[in-house]
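Next come the chains, spelled out residue by residue.
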Amino acid sequence: MDISINLPDGSSRSIPEGSSVFDLAKSISPGLAKAAVVGVVDGQQVDVSHTLQDGDEVRIVTKKDPEALEVLRHSAAHLMAAAILEEVPGAQLTIGPVTEDGFYYDIYLPEGVSMGEGDFGRIEKKMAQLAKKGQRFERCVAPSRQSDVFREYVAIDGGANKFKEEIIGDLEKLGAFSDAEDAPEVSFYKMGDFIDLCRGPHVPNAKWLKHTKLMKLAGAYWRANAANEQLLRVYGTAFFSKEDLAAHLHMLEEAKKRDHRVLGEQLDLFHFQEDAPGFPFLHPKGTSVYNNLMEFMRVQLHSRSYKEVRTPLILSESAWHTSGHYDNYLENMFFTKRKRRDKDDAQNIIDNADEDRPMAVKPMNCPGHLMIYKHRMHSHHELPLRIAEMGLVHRREASGVRHGMFRVQAFVQDDAHHFCTPEQIEGEIQLLIKFFFEVYGAFDLSDVRLELSTRPEKSIGSDEMWEKAESALKKALDAGGREYQVNEGDGAFYGPKIDFHIRDSLGRSWQCGTIQVDFSMPERFGLEYVGADGARHTPVMLHRACYGSIERFFGIVTEHFAGAFPLWLAPVQVKILPVSEKFNDYAGKVAAKFDDAGVRVEVDYSDERLGYKIRAATMQKVPYLVVVGQKEADGDIINVRWRDGDDIGETTVEAFVEGMPPYTVPALAASLREQTVEAAE
């Protein structure tokens, strides 16, 4: 007897009853069967061994499909865990999820058991042996704790794994092993002698896992709680081909060379130290880059009718209760703490002395902007009102997640809020999307992906507000013809959002810009405007940031350009290299001319040879190197070369400056506007 299967192209196919996803693929073509990783049946991923039913809608996932790599890495995590149990006797397993670029497994090492990166070689060798065997991934279901499958799972790493016991206990609280109709199924996957609790699915067999690599070790805590046992997190990655794995490893090597923390030291941009954990110290050159990033954004704001403001760094705790941040963001906030000396004993400091009005350092600029809006009544004629602030905010970050400029505890947001009528939302969002794409284009970041994030579990505001806000974002994206991905439940606590993910020169994705629609906060703060009907209405508030934070964007572009910033952003644009100290005076005169023209210039007055000076300036990524000697001094000329070695040759300072690409923020902005006009025409 045959059954009918519906395929993605709308057609149907008849196959014998009892056929699997693999059988279906084979009936279509032997090549498809060979390439099949998993199947998607009625919207759910399943193994290729899954038995199909009449009327199922089926899609075959091959290694060309994006979700296939996640399945491969999920399976590779099992392979790694199996190898670790064989090579590190006494190790106990906890959990092993997939990550964005690989996978990890958290391992518990009892006292006397150790594992380091020096063990990677033999563990990888064992993984290769297991992969070569090509053992099947077999799905098993345990009906009870007494089942053979469950007992095998418990025994695999010694039989006394408290972490497994907690996981199973949580499942039992949900009804596992009971006769309840909605009881969760307790499934396991076996690969030879190895078995692990898992929902699956997996690749058909271990032969798919030949191209795996262990990457690094890190510390972790059970269930991310520092009060629990410390675990060893073992990271790995896997690809379908040797070439893809090699390309990934090469990219990581390139990323190491571009690490903004290393470049920050090498190029004398910034540094960090323990006296201020997570708070960067910007040096003069780093401050130059930072200020140019801010100036560039300010030029963009001015051309789009923003009004720039400054709001207090500290507000009363009550303001954060009103905004909802206290309830939803408490753990990430800094609070002020009053200290005073004991009047009877000056050496005794009373900590956390009573305060009439407790205060908190702002983690966001929103409440300050709401207070500025509320200070006076507004008319609908004033809307949309765009308020911007280069606002310094502070957010507590655990030491384990702080990472150079990418994750700091104090940073400046290029923050802004649009106050508008409901009818103006779509137009404002379209303006912002175009605005953000133009900004990223100035940094050669043209590969931008959009994500629409909807209401999270922890949120404020009514269902109606959220529905209106999400609908407005969708309409704006659809009207602009932009492709986007929907992330269910990943919005901010006060509203849905559009996130901008930019891909850098190494193909890495960074989340930068965000646009958020907020019907709730204006209402909570009592904001109003007088409408055309003469009545008072509550405005809609759009939160937005383009860079995200200037510190983080600084780190991103540092790595994107490998420290070789574009001319307009480079902290030193021209380095003058006198052939010997005899020409230092002439070098100073040349530097003065560049300085008068607004070019950022330095002179190397060291006693080093010219070849060393050129190498040093090249290592500092200075765009233009100007060599001056006897010939140049006699002819009042300069000899110029680009940092990549191209010889521009002899010219005058005046002629060279006139022919330079845009080297100031205003000149760059004017050039970008011209390009935009030309593109529109």
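None of these values were measured; they are calculated from a predicted model.

Draft legend 1. Region of the structure containing the overall build of the protein chain. Per the secondary structure count, the protein chain includes 21 helices and 36 strands. Seen through its C-alpha atoms, the protein chain measures out along the principal axes to roughly 95 × 75 × 70 Å. For the protein chain, buried positions account for 49% of its 681 residues. Sequence separation of 24 or more characterises 69% of the internal contacts of the protein chain that already satisfy a separation of 6 or more. For the protein chain, the exposed area adds up to about 33300 Å²; of that, 47% sits on carbon and sulfur atoms. When the 80 basic and 106 acidic side-chain charges of the protein chain are each reduced to a single mean position, those positions are 3 Å apart.

Draft legend 2. Examining helix H4 (residues 120-133) more closely. Taking 1.5 Å per residue, 14 residues should reach 20 Å; H4 reaches 20 Å between its end C-alpha atoms and fits that length. Every buried residue belonging to H4 is among Phe120, Ile123, Lys126, Met127, Leu130 and Ala131, and all of these are buried. Seen along its axis, H4 keeps its buried residues to an arc of 140°; they face one direction. Exposed side of H4, more than 90 degrees from the buried face: Lys125, Lys132 and Lys133 are the residues found there. For H4, the secondary structure elements touched by its buried residues are helix H3 (66-87), strand E12 (212-221) and strand E13 (230-238). Looking one or two residues past H4, glycine 134 carries a phi angle of roughly 65°, positive in sign.

Draft legend 3. The arrangement of the environment of lysine 631 in detail. Looking at where lysine 631 falls in the secondary structure, it is placed in helix H19 (residues 630-635). Among the residues examined, lysine 631 registers a relative accessible area of 54% and is labelled exposed. Residues lysine 631 and glycine 534, spaced 97 residues apart in sequence, show a C-alpha to C-alpha distance of 77 Å. Setting aside residues up to four positions removed in sequence, lysine 631 forms contacts with Ile637 and Glu650. Here glutamate 650 takes part through its side chain, which lies 2.6 Å from a polar atom of the side chain of lysine 631.

Draft legend 4. View of a nonpolar patch on the surface. There is a patch of nonpolar side chains on the surface, built from Leu313, Ile314 and Leu392 and spanning about 210 Å² of accessible area. Mapped onto the secondary structure, isoleucine 314 falls in strand E17 (residues 314-316). Residue class for isoleucine 314 comes out partly exposed when judged on its relative accessible area of 36%.

Draft legend 5. Summary view of the domain arrangement of the protein chain. Domains assigned within the protein chain are domain 1 (2-62), domain 2 (67-242), domain 3 (281-341 + 353-560) and domain 4 (574-662). Taken over C-alpha atoms, the centre of domain 3 sits 43 Å from the centre of domain 4.

Draft legend 6. Geometry of the packing of aromatic side chains. Per the stated rule, a full pass over the model turns up 28 aromatic pairs. Note on phenylalanine 150 and phenylalanine 177: the rings are 5.7 Å apart at their centroids and 90° apart in plane angle, and the pair reads as edge-to-face. Remark: phenylalanine 177 occurs in the loop between helix H6 (162-173) and strand E10 (187-191) and phenylalanine 150 occurs in helix H5 (residues 148-155); sequence separation between them is 27 residues. The class for phenylalanine 177 is partly exposed, based on a relative accessible area of 22%. Clustering of aromatic rings is evident, with ring pairs tying together Tyr306, Phe435, Phe436, Phe437, Tyr440 and Phe500. When the ring centre of tyrosine 153 is taken as origin, the NZ or CZ atom of lysine 164, which lies over that ring, is 4.3 Å away. A cation over a ring is seen here: lysine 216 above tyrosine 235, with NZ or CZ 4.9 Å from the ring centre.

Draft legend 7. Highlighting unusual backbone geometry. Cis peptide bonds are those with omega within 30 degrees of zero, and the linkage from glycine 200 to proline 201 qualifies with 0°. Within the element layout of this structure, proline 201 appears in the loop between strand E11 (194-197) and E12. Put simply, leucine 383 and proline 384 share a cis peptide bond, and its omega is 5°. Position of proline 384 among the secondary structure elements: in the loop between strand E22 (378-379) and strand E23 (385-394). Although it is not a glycine, alanine 562 adopts a positive phi angle of roughly 55°. Looking at the element boundaries, alanine 562 is found in the loop between helix H16 (550-560) and strand E32 (574-578). Relative accessible area serves as the criterion here: at 19%, alanine 562 is assigned to the buried category. Residues other than glycine seldom take positive phi values, yet lysine 621 does so here, at roughly 65°. A residue is classified by how much of its surface remains accessible, and lysine 621, at 27% relative accessible area, is partly exposed.

Reading the values: the criteria
- Residues numbered from 1 in each chain as written.
- Predicted model: local features only at pLDDT ≥ 70, side-chain atom pairs only at ≥ 80, totals over all residues.
- Heavy atoms only, no water.
- Helix = DSSP H or I, 4+ residues; strand = E, 2+ residues; numbered from the N terminus.
- Buried < 20%, exposed > 50% of the residue type's maximum accessible area, 1.4 Å probe, protein only.
- Contact = heavy atoms within 4.5 Å.
- Areas by Shrake-Rupley, 256 points an atom, 1.4 Å probe, with all protein chains shown as cover.
- Lys, Arg positive; Asp, Glu negative; His and termini not counted.
- Charge placed at Lys NZ, Arg CZ, Asp CG, Glu CD.
- Expected span 1.5 Å × (residues − 1).
- Arc of directions from axis to C-beta.
- Polar contact = N/O pair within 3.5 Å; in protein donor to acceptor, adjacent residues only side chain to side chain.
- Patch = residues over 30% accessible without salt bridge, like charges linked within 9 Å, V, L, I, M, F, W, Y side chains within 5 Å.
- Salt bridge = Lys/Arg side-chain N within 4 Å of Asp/Glu carboxyl O.
- Domains from an automatic or database assignment.
- Phe/Tyr/Trp six-rings, centres within 6.5 Å; stacked < 30°, edge-to-face > 60°.
- Lys NZ or Arg CZ within 6 Å of the ring centre and 35° of its normal.

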